Amino acid sequence: MNLEHLESFCSEIIRPDSELVQKHLAVLGQMVSIDSRSFGVNEFEGDRTTPSDMREILECARNYLLEVGLSEVKINDSRSSSPFPILMAETFVSEAKPTVLFYAHLDKQPYMDDGRFEKWGGIPPTQLRWNEDRSRAYGRGAADDLSGVVSIGMAIDALFKYFDIKVGTNSRKKLLPCNIKIIYETEEESGSHSLIDQIQENKDFFKGTHCVVITDVVNPDQGKPGLTTSLRGIVQMDVTVSAEQEQVAIDEQTALYKLLATLIRYDHSLGIEEISRADQLVTDAEREGYSRVPTSVSALKETAGLLPDTRLTVPEDIPSILVAQLRTSFANARPGHRVSGSVILGVAGARLTFPDISEPKEFKRRLEKILADQNRYHLEMTIVMISENPLSIDILLRSAEKDPHSGVNGGPVPIPELQLACMIDELISSVGRWHPRLEELRNPEGGMGRVQSLRVDHDLSAHPFKEKSARSLVEIRLAPGNNEIQAAEALRSHLEKNILRGFKLDIKADKGASPWITGIAHPVFPLILDSLEKGFGEKACLYGCGGTIPFVAKLMQALGNVHPLCLGAYDTDARMHEPGESLSMPDLLGCTRSIIHFLSRIDEVYGKPNC
C-alpha cells in the first residue's frame with residue numbers, strides 16, 4: 001500500500017465538508033433521534049415506563065453497515081441476549097491476513113432532565129443540533145458512543161473507497177490489509193451483563209482476532225489523542241435504611257447520612273481499607289507521564305464544572321489530579337429517588353427540623369458557624385430557614401455548575417452528598433444529641449430532630465422527595481488492582497458493620513465491573529500511537545480512563561490473548577452522561593483518520609499478508 005498516497009487520500013476525504021463525512025453525520029443524526037436509553041425510565045411526566053428493546057437502533061446500525069459494504073451483518077437474536085442483543089458484522093479477506101475487531105455501543109444514558117429539557121437548551125436530546133461553526137454537535141449519545149459507531153463506519157467506508165470496493169462485490173476485497181469484524185453492543189451503559197454469554201454463543205465469529213479497537217474513551221483534550229491503557233471498575237449498590245423498632249433515637253434518614261459519612265476519611269479519601277489498599281501503586285514513570293498529558297489544572301477543573309471557590313481533595317497539580325481520576329478508588333453517593341446516571345451530583349441538600357427551639361435566629365446563627373467550620377472544601381453553602389415553629393432549616397451545598405461524570409472527574413472532586421453526610425454526622429449523634437452549641441438551645445421536653453433528603457437543582461431550588469424512604473445509591477469506582485467481587489463484598493461488609501444499632505439495611509446490587517490495565521510491550525502499541533499522531537496531527541500520549549467500560553475486561557476474559565486498543569472519538573468537553581452531551585468534530589475525524597492509518601500498516605505487527 002502506498003502510504004503517501006493514502007495520507008493524501010485521507011486528507012481529502014476525511015474533512016468536515018466532504019461528501020463522505022456528511023453522509024456519516026446524517027446517520028449520526030438518525031441514530032441520535034432513536035431513544036436507545038438502556039435504562040432510565042420515568043424521568044419526567046409522560047416518559048416511557050419500560051426500557052427500549054433496542055430493536056430500532058439495531059436495525060438502523062444494521063442498514064448502516066450494509067450500506068458501508070460489510071458483507072455479513074447480523075443481530076444476535078438468541079434468548080440470552082434479549083432485550084440487549086449485540087450486532088456483529090464482518091468482511092473476511094483471507095486466513096493469511098490478521099483480523100481486527102472493532103467495538104462501540106449503541107445504547108445511551110438517561111437524559112437527566114425534565115420534559116421541558118431546559119438543561120438541553122429547550123431542545124430534545126434526540127434532536128442533533130450544531131454550534132455556529134459546526135465544530136460540535138449536541139444530542140444524547142452524540143459522543144458516548146455514537147461517535148465511536150460512526151468513526152468505525154466512516155473509516156471502513158473510506159478504506160473501501162480507497163481500494164474501489166463496491167457494495168455487493170467481492171473481487172477487490174482481497175486488497176484489504178486485514179479481515180474486519182465489528183461488534184456494536186446495546187447494554188454497555190447498564191453493565192454489559194449478557195455480553196460474555198453472547199460472545200460464547202458466537203465463538204466462531206470472534207475466533208482468530210488479533211486485536212480489538214475500542215472507540216469508547218475520552219481524549220485528554222480536544223484534538224489531543226490519548227491511548228487508554230487503564231480503566232477503573234465499578235461497584236454500585238442501592239441501599240435503603242429502615243428502623244427495626246418504633247423507639248429509636250434518630251430517624252432513618254439521619255441514620256443513612258451517618259452511614260454514608262463512613263465512606264470517606266477526613267481528607268475525603270475512600271474509607272474502605274480493603275478497597276483502597278488494593279489500588280495498584282502508580283510508578284514514578286507513570287506519574288511523570290501524567291505530567292506530560294496536554295492539559296492544565298484549570299482545564300481539568302473546568303471539565304468538572306467546579307465553582308471558582310471549590311477546592312480539590314488533592315494537591316492542585318496535573319499528576320496528582322490525574323492519579324486521583326484514573327488510578328484511585330473513590331466513593332460517591334446519590335439520593336436513590338432520582339434518575340442520576342453515572343454522575344457526581346453537583347448539588348446536595350437536606351431539611352433539618354428541630355422541635356421546640358426558643359431562639360430560632362440564634363440557633364440558625366450557631367448552625368451556620370458550625371457548618372462553615374465543617375466546609376473544608378469551600379463548597380457554596382446556603383442555609384435557609386423554612387419555618388420557626390417547628391424550626392425547619394434547609395442546608396444546600398453546591399460544588400459545581402453541573403453534574404460531572406463520576407468516572408471522568410471522580411477522585412479529586414469533593415462529593416456534595418458525602419460532605420453533607422459528614423456535616424449531619426457532626427450535628428446529630430447516634431443517640432440523638434445535637435452538637436453541644438446547639439444542644440444548649442434545646443428544650444429538654446422537645447422531641448427528636450428529623451432530617452429529610454432534598455432534591456436540589458442547580459438554581460438551588462429544593463423540595464423533599466415524594467418517596468419518604470431513606471435510600472441512596474452508593475458507588476465505588478475501583479482502581480486497577482481491585483476485583484469487582486471482592487470489592488462488592490468489602491463494600492457490603494462495610495455498610496453492614498457501620499449501620500447503627502436499631503436500624504436495618506436493604507442492599508441490592510445495582511452494577512459492577514472489574515478495573516482493567518494493560519501492558520504495552522507488543523509492537524501493536526507503538527503502531528497505534530504513531531497512527532494516532534498521524535490521524536490527529538498531534539503527538540499521542542498514554543492515558544487512562546477513570547470511567548468504567550465493563551466490556552473491556554469481559555472481552556479480554558472471553559477472548560484471551562487479544563491486544564486491546566482504546567481510542568477516543570470524543571473530548572473532555574463532551575459531557576457524556578450529562579445534559580448537553582456533545583461531539584467534537586476534530587476528535588471524530590482524528591479518530592477516523594487514525595483507524596485508517598492503523599489498518600494500512602497492520603501487517604507490520606501481525607506478519608506480512610500472504611495473498
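Above this note sits the structure.
First, a word on what this report is: a plain description of the structure on this page. (Residues numbered from 1 in each chain as written. Predicted model: local features only at pLDDT ≥ 70, side-chain atom pairs only at ≥ 80, totals over all residues. Heavy atoms only, no water.)

Thoughts on the packing of helix α2 (residues 19–32) against helix α4 (residues 146–162)
Okay, step 1: Two numbers describe how α2 lies on α4: the axes approach to 10 Å, and their chain directions differ by 150°. Comparing the axis directions of α2 and α4 gives the class roughly antiparallel. Of the two elements, α2 crosses α4, and the hand of that crossing is right-handed. Note on element contacts: α4 touches α2 through Leu146, Ser147, Val149, Val150, Gly153, Met154, Asp157, Ala158 and Lys161, opposite Leu20, Val21, Lys23, His24, Leu28, Met31 and Val32.
Okay, step 2: A per-class count over the contact of α2 with α4 returns 10 nonpolar, three polar and three charged. (Axes fitted to C-alpha atoms, helices over the stretch in contact; angles between N-to-C directions. Helix = DSSP H or I, 4+ residues; strand = E, 2+ residues; numbered from the N terminus. Parallel < 35°, antiparallel > 145°, perpendicular 65-115°, else oblique. Left-handed = near helix turned anticlockwise from the far one by under 90°. Contact = heavy atoms within 4.5 Å. Nonpolar A, V, L, I, M, F, W, Y, C, P; charged D, E, K, R; others polar.)

Notes on the packing of aromatic side chains
Okay, step 1: Applying the stated criterion across every chain yields a total of eight aromatic pairs.
Okay, step 2: Centroid distance Phe205 to Phe206: 5.0 Å. Interplanar angle 85°. Geometry classified as edge-to-face.
Okay, step 3: The class for Phe206 is buried, based on a relative accessible area of 4%.
Okay, step 4: Plain terms: the ring middles of Phe354 and Phe363 are 4.6 Å apart, the flat faces sit at 55° to each other, and that makes the pair tilted. For the residue pair Phe354 and Phe363, the accessibility class agrees, reading buried in each case.
Okay, step 5: An aromatic cluster is present here, built from Phe9, Tyr162 and Phe163 joined pairwise through their rings.
Okay, step 6: A cation over a ring is seen here: Arg129 above Tyr138, with NZ or CZ 4.7 Å from the ring centre. (Phe/Tyr/Trp six-rings, centres within 6.5 Å; stacked < 30°, edge-to-face > 60°. Buried < 20%, exposed > 50% of the residue type's maximum accessible area, 1.4 Å probe, protein only. Lys NZ or Arg CZ within 6 Å of the ring centre and 35° of its normal.)

Section: helix α3 (residues 55–68)
Okay, step 1: In this model, α3 (14 residues) spans 20 Å end to end at C-alpha, consistent with the 20 Å of a helix rising 1.5 Å per residue.
Okay, step 2: Within the span of α3, buried status applies to Ile57, Leu58, Cys60, Ala61, Tyr64, Leu65 and Val68. Buried positions in α3, seen along its axis, are confined to an arc of 160° and lie on one side of it. Projecting away from the buried face of α3 at angles above 90 degrees are the exposed residues Glu56 and Glu67.
Okay, step 3: Lining the buried residues of α3 we find α2, β1 (72–75), β2 (87–91), α4 and β6 (179–185).
Okay, step 4: Phi turns positive, to about 125°, at Gly69, one or two residues after α3. (Expected span 1.5 Å × (residues − 1). Arc of directions from axis to C-beta.)

Looking at the pattern of salt bridges
Okay, step 1: Under the counting rule described, the total for this entry stands at 42 salt bridges.
Okay, step 2: Residue Arg37 is joined to Glu43 by a salt bridge in which the shortest nitrogen-to-oxygen separation is 2.5 Å. For the residue pair Arg37 and Glu43, the accessibility class agrees, reading buried in each case.
Okay, step 3: Where Lys258 meets Asp425, a salt bridge forms, and the shortest distance between an N and an O atom there is 2.5 Å. Taken as a pair, Lys258 in helix α7 (residues 252–261) and Asp425 in helix α14 (residues 416–427) lie far apart in primary sequence, 167 residues in all. (Salt bridge = Lys/Arg side-chain N within 4 Å of Asp/Glu carboxyl O.)

Thoughts on the environment of Thr382
Okay, step 1: As for its placement among the helices and strands, Thr382 is situated in strand β12 (residues 380–388).
Okay, step 2: Taking the relative accessible area as the measure of exposure, Thr382 reaches 25% and is therefore partly exposed.
Okay, step 3: Taking the C-alpha atoms as reference, Thr382 lies 49 Å from Arg15; in sequence the two are 367 residues apart.
Okay, step 4: Not counting residues up to four positions away in its chain, the partners in contact with Thr382 are Asp394, Ile395, Leu396 and Leu460.

Notes on the sheet that holds strand β5 (residues 136–138)
Okay, step 1: If you trace the three strands from one edge of the open sheet to the other, you get β4-β5-β21, paired in antiparallel fashion. The sheet is open, and its two edges are formed by β4 (129–130) and β21 (582–584), each paired on a single side.
Okay, step 2: Relative to β5, β4 runs antiparallel, the two being bridged by two bridges. Across the sheet, residue Trp130 finds its bridge partner in β5, namely Ala137. (Pairing = 2+ DSSP bridges.)

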